[in-house]
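Coordinate inspection notes
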Amino acid sequence: MVSAVVFIPLCAALILLFIPREEEEITRRVAFGATVLTFLLSLLLLVEFQSDTADFQFVERFSWIEDFGIQYAVGIDGISLFLVLLTTLLMPLVILSSWDDIHKRVKEYLFFFLLLETGMIGTFVALDLFLFYVFWEVVLIPMSFLIGIWGGPRRIYAALKFLLYTMVGSLLMLVAILYLAYLHHAQYGTVTFDLLQLHKLTIPPETQIWLFAAFALSFAIKVPLFPLHTWLPDAHVEAPTGGSVILAGVLLKMGTYGFLRFAMPLFPAAAHAAVPVIMALAVIGIIYGALVAMVQPDLKKLVAYSSVSHLGFVMLGLFAFNVEGVEGALYQMLNHGLSTGALFFLVGVIYERRHTRLISDYGGLWKQVPVYAAVFLVVLLSSIGLPGLNGFVGEFLILLGAFGANPWAGVLGVSGVVLGAVYMLWMYQRVMFGPLRHVENTKLTDLSRREVAVFVPLLALMLVMGMYPKPFLIRMEKSVEATLARIQLARPLPDPTTPGVERAGDRDAIQEVSHSATD
Amino acid sequence: MVPISYHLVLSGVLFTIGVMGVLLRRNTIIIFMAIELMLNAVNLSFVALARHLGSLDGQLIVFFVMAVAAAEAAVGLAIILLVFRGRETVNADELNLLRW
Amino acid sequence: MEHSHAALATVHAVSYLRFIVLFPLLGVLFNIFAGPRVGRRAINLVSPGVVLLSFFFSFAALLQLPPGGALVDTVYTWITAGRLQVDFALRVDPLSATMILIVTGVGFLIHVYSTGYMAHDEDVARYFAYLNLFTASMLLLVLGDNLLLLFVGWEGVGLCSYLLIGFWYTDDEKASAGKKAFIVNRIGDAGFLLGIFLLFWSLGAKGVWTLSFAEIQTHAGLLAVETVTVICLLLFVGATGKSAQIPLYVWLPDAMAGPTPVSALIHAATMVTAGIYMIARLHFLYSMAPTALAVVAIVGALTAFFAATIALVQTDIKRVLAYSTVSQLGYMFLGLGVGAYSAGVFHLMTHAFFKALLFLGAGSVIHAMSDEQDIRRMGGLKTKMPITYGTFLVACLAIAGFPGLSGFFSKDLILEETVASPHGSVVLWLIGTLTAGLTAFYMFRLLFVTFWGETRAPHEVAHHIHESPTVMTMPLVLLAVLSFIGGYFTLVPFLAPVFGGHHPAHVSALVKYLPTVAGLAGIGLAYQMYVRDPAMAERVAQRYAAVYRLLLNKYYVDELYDRFVVQPVVAASQWLWRVWDTVIIDGTVNGTAQTVAANGLLLRLWQTGNVQVYALSFLLGAMVILGYYLW
């Protein structure tokens, strides 16, 4: 079933190739149908998912390149489940939103998106490091083309920057992956890229540091962690709306997912050593992203920098190394996918009508487009973490976890909550409130039915995830605990003579979850 | 019997003439002929060595080379012809489109 | 455990408390989705109606409240992650019962009043959607059974405040005021969140993982005093934001940009008292931390005094009331800070009555004066608006502490406790008493300038002055009655199960009567300055021009914040973006790319395009390699 979810988009992409170029409507329908089908299938995964185990479920495994021990192995656990769902949910919306907007090379546009979807889902479900790397790279190419062909004026620069930046990181990761396989050969006599097998390796801490660094660099670029973030604003600004949505909604999560799935559990000792550095960078990212977002004159750039800030939160939660923080980080990944995805959709909506993204070209839009403004408001509130909407749950858990791990990280992180409100509300005021200053804006039309259809599922999810997060959190819990148990066991037990709030808690966690640690 | 070294020296001389032709002449057709000369120089050493060593392998390869040379001559001349049609020249100095 | 008795008392599980929150939420949905279509009459009926329903349910809860116990309605488990489990559970005990009755009762009256006040506004559905949402959030705030649910309501009311202040969004200044309110509140909320975190982890370190009030109360004794002090101070930061205390009070005066009923409901009667409620709710923690209590008391007293001094010279009717609110909230914090929690809550209640009345009265005046808010252009409204004037007078007397009216009882109780309580001090009492005099003065200045004397309005405005319609005057009258008799509600004994038994304070006659005397003196002075000798105010202002200017400009606090906080942050952000991000980071990235490109540029000179050159280099290369091996 997982394979079906992964490859339906690819099959649809291949089918698209046989549809004549003139049949735009049919092309769109096929692509939309395929993504909806994928989404429905992934819902089946959700229904049949067992939340009481940390093991991988729906595992499919067979040999791919036997000579090098490379397998095709996919499976889902509580960490990847919702990321897959997020991807499959956003894709139909992206295609729906591009219906009236993209008229240039429609077939290729949809082809690349479908290819992208296969790559993204594959990245989240791959259990073999080689397979993971393949999917990881598969994502790169269509995204670069999407930016480079359908992008704005500086699209080539942005696409190249995106491609090269990511490539630099992933090549180092490839080296590290090969070294892991070599280590396995040295220790067990066989070459394998199987994640669960590689978990068993004993890697000396000095080696771990290097391997972790290689993985972490690749993931940190993708996240993006300060100061490796500068590709993001360029890519976002130049990318077409759908590209920005997927870029922010899903691609960035591949980085944070990589940390949680690979970098942290494979190299726990190194992960512990890296905590101060990464926490510091995460906190800097939170504040820095927010401050820089505040002074952006361009809507898309503002949202892009806000992503830097939000992903800083996610990293902070991940490296809190407690269940609260990590679950919060996972939750925040979904939140960010929904709210930032929706924000890019929203920017796309007015961009298509007015062909400008400058905040100063707007003002007083509420009067003109009230439904749009109301949707924008809800999305914005979700983004700044207003209780009752999804963002709050994630942010609260992350900050709670971070505070438990390191109170200062919590204190500094909380300032991001304030700054988030500052840049978002200021932007909202300049776009929506005040008098309608520009004559061109009086011709703006409110959301069309198709656009409403894009936003309704997003808004509904924001509300549900804010009001009733329990079903989501419960499905994550076991996998998060198991992952943390792996990480925690590597850490020398804390000195009992130093009382600290976080220490006592963590030891409880070890006792609670050590029995459920799998593999 | 003529010593093997005579053949090889002749082959070397022919090859060098070919190389010089390729490097120094500007007319592509001449360059082309120089290449053929180089090929045949090698052919000569193959045949000579085959006879010297009493093995048929060298002779066999010569046939291959000749076949390849024939094909190359056909394709190469066609290219030169097309280039001449398009650009009215076969001077190598002027055919530098693959430049930085 | 001295404080654990409340947690152990009778608790009845019920399942109707959720409806108290739900009804206004339904109102929100109605106003959003049906409102624009169904027309004004239906909106005017439904929006106050849902609040009335909540009021009935609240009243039912009050009647069912077991003596000394509580009602709990656990709806579902909201968040569960690791050791954190937060239930969506509502709880009614005497404290929250008081609060929900105030919120729904006063809230209902203000909803009714709004139907009249907003009768000519085209966006009435949006207005009531916000107002209903506010009511729901406020009810959630006071009903929440745990700290996180309280925080949900806390932020929810902040949002509604933002939306309602900026309700007339086409005016940039109003939109800015809303934004300011939200951001300043967020600063407080950051402190509040940190307080929650510290509480959670410190209790967790003792093996208790909870955010529920009852359990916190049971286990609070496990915590070290220093920890509790820090927690209380962090939470108090949140309170200074929401309840407009020094240093975060600056948003409240600006918040007057919203429609006047909003100012009455949110910025006088209910939302701004959330901080008071929160501290009263966590009184057991504050009682453990005398330092934190002292900070609360001092901040409260100072805010009360400074806000009152600013109110002396303001000329915008709503701004006077806003500073008065800040000042009165300071009183409440003073009460809490000296450990007289029930006195603080008592004053919260009476203040809700008379300050809501004052704002609604002001609204009535503004409505009549065609949206004029400057009292220098009013005057002489006494005869033209008798009901508004009469009720306004009652409210002024109540806030001035005139004997027999509600404010007299609650304010005196706070001041008496300030002296009598072990946490109190005479200095604080002195400040409080002085403030009582100032309060009476500026309130009656407002009353005299607005209602007495000759009208100073332009002719066309004066011509239109009329008494407000019944939907607006009826709430005024009801609130006037409450302001009159509110002092006789036996709130202190009623709250005893929550705060512990109340020992009537024994204080000297001087302490008992001086505040009242100060109040009467204030009224007298106002009468002298604004009625008998109207030129006197001018003379005083000229005589003390520096002080006058300082007060008129509100001690330049907004300017200071702008100069030392806002501008540096914006400048730093600009620098971070334009220099750090664009030049340094991106410069490094692009520099790397350019270095590679430059080297490529050099290397490609090799690529002449002349096949013979390639052949030559090929030959040379072959010879070099051959030569190397043959050497």
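Bear in mind the structure is a predicted one, so any value in this text is a computation, not a measurement. (Residues numbered from 1 in each chain as written. Chains lettered and ligands numbered in written order. Predicted model: local features only at pLDDT ≥ 70, side-chain atom pairs only at ≥ 80, totals over all residues. Heavy atoms only, no water.)

**What to know about the overall build of chain A**
- Counting secondary structure elements, chain A contains 20 helices and 2 strands.
- Scaling as 2.2 N^0.38, a compact globule of 519 residues should have a C-alpha radius of gyration of about 24 Å, and chain A matches this with 22 Å.
- Taken along its principal axes, the extent of the C-alpha atoms in chain A is 70 × 55 × 40 Å.
- Sorting the 519 residues of chain A into buried and exposed places 66% on the buried side. (Helix = DSSP H or I, 4+ residues; strand = E, 2+ residues; numbered from the N terminus. Rg over C-alpha atoms; globule rule 2.2 N^0.38 Å. Buried < 20%, exposed > 50% of the residue type's maximum accessible area, 1.4 Å probe, protein only.)

**Re the overall build of chain C**
- Helix and strand counts for chain C stand at 27 helices and 3 strands.
- Seen through its C-alpha atoms, chain C measures out along the principal axes to roughly 120 × 65 × 55 Å.
- Every one of the 631 residues in chain C was classed for burial, and the buried ones make up 59%.
- Within chain C, residue pairs in contact and separated by at least 24 positions form 81% of the contacts whose partners lie at least 6 positions apart. (Contact = heavy atoms within 4.5 Å.)

**Some points on the arrangement of the chains**
- The protein chains that touch form 2 pairs of chains, and the pair with the most contacts between them is chains A and C.
- Left apart from each other, chain A and chain B have a closest C-alpha approach of 21 Å.

**A short note on the domain arrangement of chain C**
- When cut into domains, chain C gives domain 1 (289–552) and domain 2 (564–630).
- For domain 1 of chain C versus domain 2 of chain C, the distance between C-alpha centres works out to 73 Å. (Domains from an automatic or database assignment.)

**Some words on the interface of chain C and chain B**
- Counting from both sides, the interface comprises 11 residues of chain C and, opposite them, 14 residues of chain B.
- Counting the surface lost from both chain C and chain B, the interface buries some 920 Å², and carbon and sulfur atoms represent 57% of this.
- The largest per-residue losses of area from chain C upon contact with chain B belong to G609(C), N610(C) and Q612(C), which jointly make up 48% of the total buried on that side.
- Where chain C packs against chain B, one counts 0 salt bridges.
- Inspection of the region where chain C meets chain B yields 3 residue pairs in polar contact (both at pLDDT 80 or more).
- Across the side of chain C that touches chain B, the residue classes break down as 5 nonpolar, 5 polar and 1 charged. (Buried area = accessible area lost by both parts, 1.4 Å probe. Salt bridge = Lys/Arg side-chain N within 4 Å of Asp/Glu carboxyl O. Polar contact = N/O pair within 3.5 Å; in protein donor to acceptor, adjacent residues only side chain to side chain. Nonpolar A, V, L, I, M, F, W, Y, C, P; charged D, E, K, R; others polar.)

**Some thoughts on unusual backbone geometry**
Residue and element names in this part refer to chain A.
- Here V223 and P224 are connected by a cis peptide whose omega angle stands at -10°.
- By the secondary structure assignment, P224 is in the loop between α8 (205–222) and α9 (231–238).
- For the peptide bond that leads from F226 to P227, omega is 0°, which places it in the cis range.
- Here P227 is to be found in the loop between α8 and α9.

**Some thoughts on helix α26 (residues 557–603) of chain C**
All names here are of chain C.
- Across its 47 residues, α26 extends 64 Å between first and last C-alpha, which sits within 8% of the 69 Å expected from 1.5 Å per residue.
- In α26, a bend of some 45° at G587 exceeds every other bend along the element.
- For α26, the complete set of buried residues consists of V557, S573, L576, W577, D581, I585 and D586. (Expected span 1.5 Å × (residues − 1). Bend = angle between axes of the 7 residues up to and from the residue.)

**Regarding the packing of aromatic side chains**
- All told, the structure shown has 74 aromatic pairs over all chains when counted by the stated rule.
- A centroid spacing of 6.1 Å and a plane angle of 35° characterise the contact between F7(A) and Y72(A), whose relative ring orientation is tilted. Of this pair, F7(A) sits in helix α1 (residues 2–16) while Y72(A) sits in strand β2 (residues 70–76), and the two are 65 residues apart along the sequence.
- Relative accessible area serves as the criterion here: at 29%, F7(A) is assigned to the partly exposed category.
- Ring geometry for W452(C) and Y527(C): centres 6.2 Å apart, planes at 85°, overall edge-to-face. Linking W452(C) in the loop between α19 (426–451) and α20 (459–464) with Y527(C) in helix α23 (residues 509–532), this pair joins segments that are 75 residues apart in sequence.
- A connected cluster of aromatic rings, assembled from ring pairs, spans F124(A), F132(A), W136(A), F215(A), F219(A), Y257(A), F259(A), F262(A), F267(A), F319(A) and F321(A).
- Above the face of the Y362(A) ring, R354(A) is positioned so that its terminal group lies 5.6 Å from the ring centre. (Phe/Tyr/Trp six-rings, centres within 6.5 Å; stacked < 30°, edge-to-face > 60°. Lys NZ or Arg CZ within 6 Å of the ring centre and 35° of its normal.)

**Let's talk about the pairing of β2(A)**
Residue and element names in this part refer to chain A.
- Of all 7 residues in β2, 7 are buried; the element is thus mostly enclosed.
- Alternating positions in β2 separate into two faces, I70, Y72, V74 and I76 on one and Q71, A73 and G75 on the other, with burial throughout.
- Two strands pair when backbone bridges link them, and strand β1 (residues 57–65) and β2 are joined in this way by 6 bridges, in the antiparallel orientation. If you follow E60 over to β2, its bridge partner there is V74.
- In sequence, β1 turns back onto β2 through a hairpin of 4 residues, with G69 there showing a positive phi of about 65°. (Pairing = 2+ DSSP bridges.)

**A look at the confidence of the model for chain C**
- Counting all residues, the mean pLDDT for chain C is 88, and 98% of those residues have values of 70 or more.
- Both scores are given for the predicted complex: the pTM is 0.88, the ipTM 0.90. (pLDDT = per-residue confidence, 0-100.)

**A few points about the packing of helix α12 (residues 299–318) of chain A against helix α13 (residues 323–354) of chain A**
All names here are of chain A.
- Two elements in contact, α12 and α13, have axes separated by 8 Å at closest approach and are oriented at 175°. Regarding the angle of α12 to α13, the classification is roughly antiparallel. Seen from α12, the contacting residues are L299, K300, V303, A304, S307, H310, L311, V314, G317 and L318; seen from α13, they are G325, V326, A329, Q332, M333, H336, T340, L343, F344, V347 and I350.
- A per-class count over the contact of α12 with α13 returns 13 nonpolar, 7 polar and 1 charged. (Axes fitted to C-alpha atoms, helices over the stretch in contact; angles between N-to-C directions. Parallel < 35°, antiparallel > 145°, perpendicular 65-115°, else oblique.)

**Quick notes on the interface of chain A and chain C**
- Contact with chain A, which involves 68 residues of that partner, is made by 53 residues of chain C.
- A combined buried area of about 5,400 Å² lies between chain A and chain C, and 70% of that area is made up of carbon and sulfur atoms.
- Linking chain A with chain C are 21 residue pairs in polar contact (both at pLDDT 80 or more).
- Ranked by the residues each element gives to the side of chain A that touches chain C, the list is headed by helix α17 (residues 407–432) of chain A, at 12 residues.
- Counted by class, the side of chain A that touches chain C contains 44 nonpolar, 13 polar and 11 charged residues.

**Describing the confidence of the model for chain A**
- Chain-level statistics for chain A give a pLDDT mean of 88 and a share of 94% at 70 or above.
- Scored below 50 in pLDDT, residues 493–519 of chain A makes 32 contacts in the model with residues more than four places away or belonging to other chains.

**Quick look at the sheet that holds strand β3 (residues 84–92) of chain C**
All names here are of chain C.
- Read from one edge of the open sheet, 3 strands run β1-β2-β3, paired in mixed fashion. Two strands lie at the open edges of the sheet, namely β1 (11–13) and β3, each paired on one side alone. Neighbour to neighbour, the strand axes of the sheet diverge by 45° on average, direction disregarded.
- Bridge count for β1 against strand β2 (residues 70–81) is 3 bridges, and the pairing is parallel.

**Here we look at empty space enclosed by the protein**
Residue and element names in this part refer to chain A.
- Inspection of the entire model under this criterion finds 9 cavities of 30 Å³ or more.
- The volume enclosed by the second largest cavity comes to roughly 80 Å³.
- If you list the elements that add at least two residues to the lining of the second largest cavity, you get α13 and α18 (449–467).
- By residue number, the principal contributor to the lining of the second largest cavity is α18, which donates 4 residues.
- Its residues assigned to classes, the lining of the second largest cavity comprises 4 nonpolar, 3 polar and 3 charged. (1 Å grid on protein atoms, 1.4 Å probe; cavity = no way out; pocket = protein on both sides within 12 Å on 5 of 7 lines; lining within 4 Å. Points joined across faces, edges and corners; volume = space filled by probe spheres on them.)

**Describing the pattern of salt bridges**
All names here are of chain A.
- Overall, the coordinates contain 27 salt bridges over all chains when judged by the stated rule.
- For the salt bridge of D298 with R357, the shortest nitrogen-to-oxygen distance reads 3.4 Å. Linking D298 in the loop between α11 (268–294) and α12 with R357 in the loop between α13 and α14 (365–368), this pair joins segments that are 59 residues apart in sequence.
- On the basis of relative accessibility, which here comes to 12%, the residue D298 falls in the buried class.

**With respect to the layout of surface pockets**
- Its boundaries defined by the atoms lining it, the second largest pocket holds a volume of some 1,500 Å³.
- Along the wall of the second largest pocket there are 50 residues; nearest its centre are S176(C), A177(C), K179(C), K180(C) and D254(C).
- Those elements that provide at least two residues to the lining of the second largest pocket are α17 of chain A together with α7 (172–205), α10 (251–254), α15 (317–337), α16 (341–368) and α26 of chain C.
- Considering every element that reaches the lining of the second largest pocket, the biggest residue donor is α7(C), with 12 residues.
- Classifying every residue of the lining of the second largest pocket by side-chain character gives 29 nonpolar, 8 polar and 13 charged.

**Thoughts on the environment of L85(A)**
All names here are of chain A.
- Relative to the helices and strands, L85 is located in helix α3 (residues 81–97).
- Overall, L85 belongs to the buried group, its relative accessible area being 8%.
- Taking the C-alpha atoms as reference points, L85 and L46, 39 residues apart in sequence, are found 8.1 Å from one another.
- Residues contacting L85, with those up to four places away along its chain left out, are F39, S42, L43 and L46.

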